[in-house]
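# Inside the fold
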Amino acid sequence: MEIFIWIVVGLMLCLGFLGCFINKIPGPIFLLIGVVVAQFGLDIPGWGPVAIVGVIAVAAFILSKVMTRVGKKLQEYSKGASLATTIASLIALGLVVACQEASSVVVILVFLLGFVVLPFLFAFAVESIRQKNATAGAKSALAATIVYLCDTALKLAAFAYAIYAMFMQ
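We now turn to the structure provided with this report. (Residues numbered from 1 in each chain as written. Predicted model: local features only at pLDDT ≥ 70, side-chain atom pairs only at ≥ 80, totals over all residues. Heavy atoms only, no water.)

## Examining a nonpolar patch on the surface
Put simply, the test is: Within this analysis, patches are made of residues with over 30% relative accessible area and no salt bridge. Like charges are joined at 9 Å or less; nonpolar side chains (Val, Leu, Ile, Met, Phe, Trp, Tyr) at 5 Å or less. Residue-level accessible areas treat just the shown protein chains as cover; the underlying method is Shrake-Rupley with a 1.4 Å probe. Here a salt bridge means any side-chain nitrogen of Lys or Arg lying within 4 Å of a carboxyl oxygen belonging to Asp or Glu. Helix numbers and strand numbers start at the N terminus; a helix is a DSSP run of H or I with at least 4 residues, a strand a run of E with at least 2.
Taken together, the side chains of Val-105, Ile-108, Leu-109, Leu-112, Leu-113, Val-116, Val-117 and Leu-121 present a nonpolar region at the surface, about 700 Å² in accessible area. Its location among the elements puts Ile-108 in helix 5 (residues 104–131).

## Notes on the pattern of salt bridges
To keep things clear, this is the line we draw: Classification of residues uses two cut-offs on accessible area relative to the type maximum, computed with a 1.4 Å probe and protein chains only: under 20% is buried, over 50% is exposed, and between them is partly exposed.
For the structure on display, the rule yields two salt bridges. A salt bridge links Arg-130 to Glu-127, with the nearest nitrogen and oxygen atoms 2.9 Å apart. Here Glu-127 and Arg-130 lie together in helix 5, a separation of three residues that amounts to about one turn. Exposure remark for Arg-130: the relative accessible area of 44% places this residue in the partly exposed category. Among the salt bridges present, the one from Asp-151 reaches Lys-155, with a minimum N-O distance of 3.3 Å. Of this pair, Asp-151 and Lys-155 both sit in helix 6 (residues 134–168), four residues apart, which is roughly one turn of the helix. Note on accessibility: Asp-151 and Lys-155 belong to one class, buried.

## Quick word on the packing of aromatic side chains
Selection criterion: Centre distance within 6.5 Å is the pairing criterion for rings of Phe, Tyr and Trp, where only the six-membered ring of Trp is used; planes under 30 degrees apart are then read as stacked, over 60 as edge-to-face, and the remainder as tilted. For a Lys NZ or an Arg CZ to count as sitting over a ring, it must be within 6 Å of the ring centre and within 35 degrees of the ring normal.
Going through the model one piece at a time under the given rule, you end up with seven aromatic pairs. Their ring planes at 70° and their centres at 5.2 Å tell us that Phe-40 and Trp-47 sit as a pair that is edge-to-face. We classify Phe-40 as exposed; its relative accessible area is 64%. Assessed through its relative accessible area of 45%, Trp-47 is described here as partly exposed. Taken together through their ring pairs, the aromatic side chains of Phe-17, Phe-21, Phe-111, Phe-115 and Phe-159 make up a single cluster. Looking at Lys-72, its charged tip hangs above the ring of Tyr-77, at a distance of 5.3 Å from the centre.

## Topic: helix 4 (residues 79–98)
Worth spelling out the cut-off: Residue count minus one, scaled by 1.5 Å, sets the expected span of a helix. Should any heavy atoms of two residues lie within 4.5 Å, those residues are considered in contact.
Over its 20 residues, helix 4 extends 29 Å from the first C-alpha to the last, a length consistent with the 28 Å expected when each residue adds 1.5 Å. When we look at burial in helix 4, the residues that qualify are Ala-81, Ser-82, Ala-84, Thr-85, Thr-86, Ala-88, Ser-89, Ala-92, Leu-93 and Val-96. Tucked inside the fold, the buried residues of helix 4 contact helix 1 (2–21), helix 5 and helix 6.

Here you go:
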């Protein structure tokens with residue numbers, strides 16, 4: 001039975017991690033489910049960390065929606081730009097995995113290029129084509145990229161605390 005619980009927890013953590021990068025997957029909610037399953041089925045001390053993960057997960061889920069709305073009010077961008085930033089970051093994840101044996105400098109450059117520049121370039125291409133104007137496309141792409149980066153950072157922080165709460169305490 002313990003193996004089944006580990007499989008469920010691992011699946012929830014994987015979906016939670018993917019949800020950090022893919023907006024359609026509710027990553028923080030999967031994290032919370034994974035932590036609750038781990039609390040019931042594994043030997044994790046106390047409910048305090050579970051409650052904290054729950055608060056962080058719900059806050060991250062709500063703030064993700066709020067950030068998207070606020071970002072779109074400040075500068076409108078299309079769903080295509082959001083999708084472009086997601087695709088670019090998934091490509092960046094692949095690049096990071098491919099460069100794991102490289103030096104620290106290369107890994108840092110891949111992170112910066114892959115998670116900041118590449119999402120912006122993808123969103124810029126989408127928005128420039130959609131708006132038929134490079135300047136307007138750049139503004140919309142910048143808004144989409146900033147919202148995406150803030151959202152991803154928030155969800156990764158929730159993921160990091162969930163891992164800490166389950167395995168490091």
